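An overview of the molecular structure
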Amino acid sequence: MKIQSRCNLACAYCYMYEHADQSWRTRPVAMSDEIVASLAARIGEHAATHRLPAVGVVFHGGEPLLAGGPRIRWIAERIRAALAPATRLELHLQTNGVLLAAAHGEELCQTLLETGIKVGISLDGDRDANDRHRRHHNGASSFQEVVSAVLRLGSPRYRRAFSGLLCTIDPKNDPVESYQALSGLDPPRIDYLLPHANWDVPPARPAGTGTTPYADWLIAVHRRWSADGQRLPIRVFDSIRSALVGGESLKEALGTEPCDLAVVETDGSIELADSLKTAYDGAPRTGFHILKHSFDEAAAHPGFTLREAGAAGLCQTCRQCPVVDVCGGGLYAHRYSKGNSFDNPSVHCADLLKIITYMKETPSSDSGRTGTVAAHQMSGDCFDGLAAGFGDVVAVRQLAAAQQSINRGLLDRVLTASCERGEYSRQPWQAFDALQRDDPDAYRKTLLNPFLRVWASRYLDATLGPADQEYLSLSISDHPHRPQLTADGLTVTLDNVDPCLDCYGKPLIDHLDPAAVAAWQHMFAEAWRLIVTEYFDYAPAIGAGLSTIVPLMPQPGVQTSATARQAFGAIAIALPDTADDLALLIIHEFQHVKAGALMDMFDLYDPTSPLRFSVPWRRDERPPEAALQGLYAHAAVADVWRTRWLRASNTESERSRSGMRYATWHRAVAQVADALQASGVLTRLGERLVTGLVERANQ
């Protein structure tokens, strides 16, 4: 659905503006109310006639976000109202992302979230890769705006509206650097596209890249993706893998399934796939119009019926090819030549054959679980930000990605162990695999269930019985009965029912009545406001990584909180008396979460060292890991007390008390840092971490 036919970028390879068909010049800039209403009615009519359980509508352009949030909301509501209750509407939108980074970007994101629209953003890699083709009309870079848009849409507040990144392959761009740039933004998935070309206008094959540069590019990405544990879905690889075992593939670009895509232009014309604009002027035209014709009438056009023929509609070369069931002749537009029309193999035929053959011969990791921890990386800037005690959104997402790989490896071991013990239960594992296939974002969210690792480790230690595999099913559900605490831009679960909460070793609250939840909600909102305004350096990491608070039973006269080493994203707290105290406890405990995740990624100390360290916050001497953990957390405690000491609204007694607390914890941090640095137990990275903490503490 082309709701807008102009764009705020001038991408060099755009099939809409830069190829043979230039019909956009004579079409309305925006789809009119009349066309929207008629199209909605036609969709409803078609769904009712064929009793469709679901209809997919993609808002496209040009740049569809130029229509504005209110207009997009109105269009979505008109289409939804035209469908019977039995038909589900799946709304999507493909954007260059620039407007999501603008001043009104938050408003746009909220609209997309509330209307249930899943959004894909186009990005080709790092700055050099992206700006090779995707620039503003004046030649200015679009990269930073698009990255800002991805981070905004991928934030916890809006992530449900984010469907992934779309990248067009250019052999001039380094494949691994491009993949790392995209995967580092933590998208729900990546979709790589071959550039539009045909036999008259062949794709670029730069000197020195051989005859299959696009396959070689994808193979390099696949190898790196596999080394990373295949931790996020990549559509082309998942599609080929599915088709190789007889499953579905990408209907438009790969495979022989019938293509069920129709395009409605801003003027109401019903057309074939708009990638055909790259073939010749008028190639997508059918002569049908939404005001005059139904979709059933349009479907009789030869351009649609040919796509229903499957392998029988392909040229003889394709029909004789051993991978035709996977390739399907490639994208229809890529088969065109003036002399033979579309009766050709894809102009990317050699590349498709090579990548499909490669994947056919490359062992797959069952259900995406490799059984090994991925070789995750972190930039120096991200590490140093964490070393200073803080860390930004990107750094915490990298920590989370490593945790996902750890949990996926543990699940593979649990599956193997359950089979070896004769305890395998098919239902929970089937549900888990179906989740990965049908909802990759929810699958990755499940892998970050804070207590999944606790459960898996216990099963492997043979402390759990066969029935406990049902924990997988419990992990997949949304747990609507578990209260949610919300503050500006942050939502966390208040969890007092997970079977693994005993990992904290502290008394739990076994019942949360509405009054208790309301008390938590009130104090949490105020504590988050304090973190964002007064302790703002800690806010990005907490906002990106904190998912769960476990309410502990209050103990008279003391503040109680805890972190479990294996429960990434969760902290346990007994509700204190003030929001100031809750803010301190959240910061303190989430420091432990970050430190534990860093220790999972990097060797920060010598684990064989017998040394023990005296620390002011404990009576017993601590091994290197515990001493380093405590140092990391209490450096933040000192920082919080310093901020409270300098607070302008303090009374004299509050200032005196805060100053004394700051001095106490500052001395304690210095003492333990000196001891660790003098001991020789720290690795180079461990030394870098402690140095960062000390430098921050002394500012």
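For the structure, see preceding data.
Residues numbered from 1 in each chain as written. Predicted model: local features only at pLDDT ≥ 70, side-chain atom pairs only at ≥ 80, totals over all residues. Heavy atoms only, no water.

1. Considering the nonpolar core
Test applied: In these notes, a set of buried Ala, Val, Leu, Ile, Met, Phe, Trp, Tyr and Cys residues joined through side-chain atoms within 4.5 Å is what counts as a nonpolar core. Only protein chains enter the area calculation, which uses a 1.4 Å probe; residues under 20% of their type maximum are buried, those over 50% are exposed, and those in between are partly exposed. Every helix listed is a DSSP run of H or I at least four residues long, and every strand listed is a run of E at least two residues long, numbered separately from the N terminus.
Of all hydrophobic cores here, the largest spans 95 residues; its most connected members are Met1, Phe59, Ile121, Tyr192 and Ile355. Tallying contributions element by element places helix H7 (residues 213–227) first for this core, with seven residues.

2. Things to note about helix H6 (residues 175–183)
For clarity, the cut-off: By definition, the arc is the one covered by directions from the helix axis to the C-beta atoms. Contacts are residue-level and defined by heavy atoms, with any inter-residue pair within 4.5 Å sufficient. Polar contact is defined as a pair of N or O atoms within 3.5 Å, subject to the rule that within protein one atom must be able to donate a hydrogen and the other to accept it, and that residues adjacent in sequence are counted only when both atoms are side-chain atoms.
Buried within H6 are the following residues: Pro175, Ser178, Tyr179, Leu182 and Ser183. Buried residues of H6 fall within an arc of 120° about the axis and therefore sit on the same side. Residues of H6 that are buried make contact with strand E4 (162–168), strand E5 (190–193) and H7. Among the residues of H6, the N-terminal cap falls to Asp174, whose side-chain oxygen and the backbone nitrogen of Val176 are separated by 3.1 Å.

3. Overview of the sheet that holds strand E7 (residues 269–271)
The following threshold applies: Strands are labelled as partners when DSSP assigns at least two bridges between them.
An order of E6-E7-E8 is seen for the three strands of this open sheet, with the pairing classed as antiparallel. At either margin of the open sheet sits one strand with a lone partner, and together these are strand E6 (263–264) and strand E8 (288–289). Here E6 runs beside E7; their pairing, made up of two bridges, is antiparallel. Bridging from a neighbouring strand, Val263 pairs with Glu271 of E7.

4. Description of the pattern of salt bridges
Selection rule: Every case where a carboxyl oxygen of Asp or Glu lies within 4 Å of a side-chain nitrogen of Lys or Arg is listed as a salt bridge.
This structure, assessed with the given rule, holds 36 salt bridges. Arg444 is paired through a salt bridge with Asp441; the nearest N and O atoms lie 4.0 Å apart. Of this pair, Arg444 and Asp441 both sit in helix H17 (residues 440–447), three residues apart, roughly one helical turn. Relative accessible area serves as the criterion here: at 4%, Arg444 is assigned to the buried category. The shortest N-O distance in the salt bridge between Asp495 and Arg482 comes to 2.7 Å. Of this pair, Asp495 sits in the loop between strand E10 (490–494) and helix H20 (514–533) while Arg482 sits in the loop between helix H19 (471–476) and strand E9 (484–487); the two residues are 13 residues apart in sequence, bridging distant segments of the chain. Of the two residues, Asp495 and Arg482, both sit in the buried class. One salt-bridge network, in which partners are shared between bridges, spans Arg27, Glu265, Asp267, Glu271 and Lys277.

5. What about helix H18 (residues 452–460)?
Of all nine residues in H18, seven are buried, a share of seventy percent or more. Every buried residue of H18 is accounted for by Leu452, Arg453, Val454, Trp455, Ala456, Ser457 and Tyr459. Of the residues flanking the end of H18, it is Ala462, one or two places downstream, whose phi is positive at about 65°.

6. Regarding the state of the cysteines
By definition, a disulfide links the sulfur atoms of two cysteine residues through a covalent bond. Convention followed: Count a disulfide wherever a pair of cysteine sulfur atoms falls within 2.5 Å.
On inspection of all chains with the given rule, the structure shows zero disulfides. You can see Cys7 has no disulfide; the closest cysteine sulfur is in Cys11, sitting 5.9 Å from it. For Cys315, which is in no disulfide, the shortest distance to another cysteine sulfur is to Cys318 and amounts to 3.6 Å. The buried category is assigned to Cys315, whose relative accessible area is 6%.

7. What about the sheet that holds E10?
Note the threshold: Working convention: axes come from line fits to C-alpha atoms, limited for helices to the stretch in contact. Angles between N-to-C directions cover 0 to 180 degrees.
Taken together, five strands build an open sheet; the order of strands is E9-E10-E11-E13-E12 and the sheet is mixed. At either end of the open sheet lies a strand with only one pairing partner, and these are E9 and strand E12 (561–562). Pairing geometry for strand E11 (residues 548–551) and strand E13 (residues 570–573), over four bridges, is parallel. If you follow Pro551 over to E13, its bridge partner there is Ile573. Sitting on the sheet, H20 is in contact with E9, E10, E11 and E13, with an inclination near 30° to E9.

8. A closer look at the environment of Ala636
By secondary structure assignment, the location of Ala636 is in helix H23 (residues 624–645). For the pair formed by Ala636 and Val497, sequence separation is 139 residues and the distance between their alpha carbons is 30 Å.

9. As for the packing of aromatic side chains
Applicable threshold: Two rings from Phe, Tyr or Trp (for Trp, the six-membered ring) form a pair when their centres sit within 6.5 Å of each other. Planes less than 30 degrees apart are called stacked, planes more than 60 degrees apart edge-to-face, and all others tilted.
Applying the stated rule across the entire model yields 13 aromatic pairs. Ring centres of Tyr280 and Tyr336 lie 5.2 Å apart, and the angle between their planes is 45°; on these two criteria the pair is classed as tilted. In this pair, Tyr280 is assigned in the loop between E7 and E8 and Tyr336 in the loop between helix H12 (324–327) and helix H13 (349–361), connecting sequence segments 56 residues apart. By relative accessible area, which is 34% here, Tyr280 ends up partly exposed. You can call Tyr336 buried: its relative accessible area is 9%. Between Phe451 and Tyr504, the ring centres sit 6.2 Å apart and the planes meet at 85°, which makes this aromatic pair edge-to-face.

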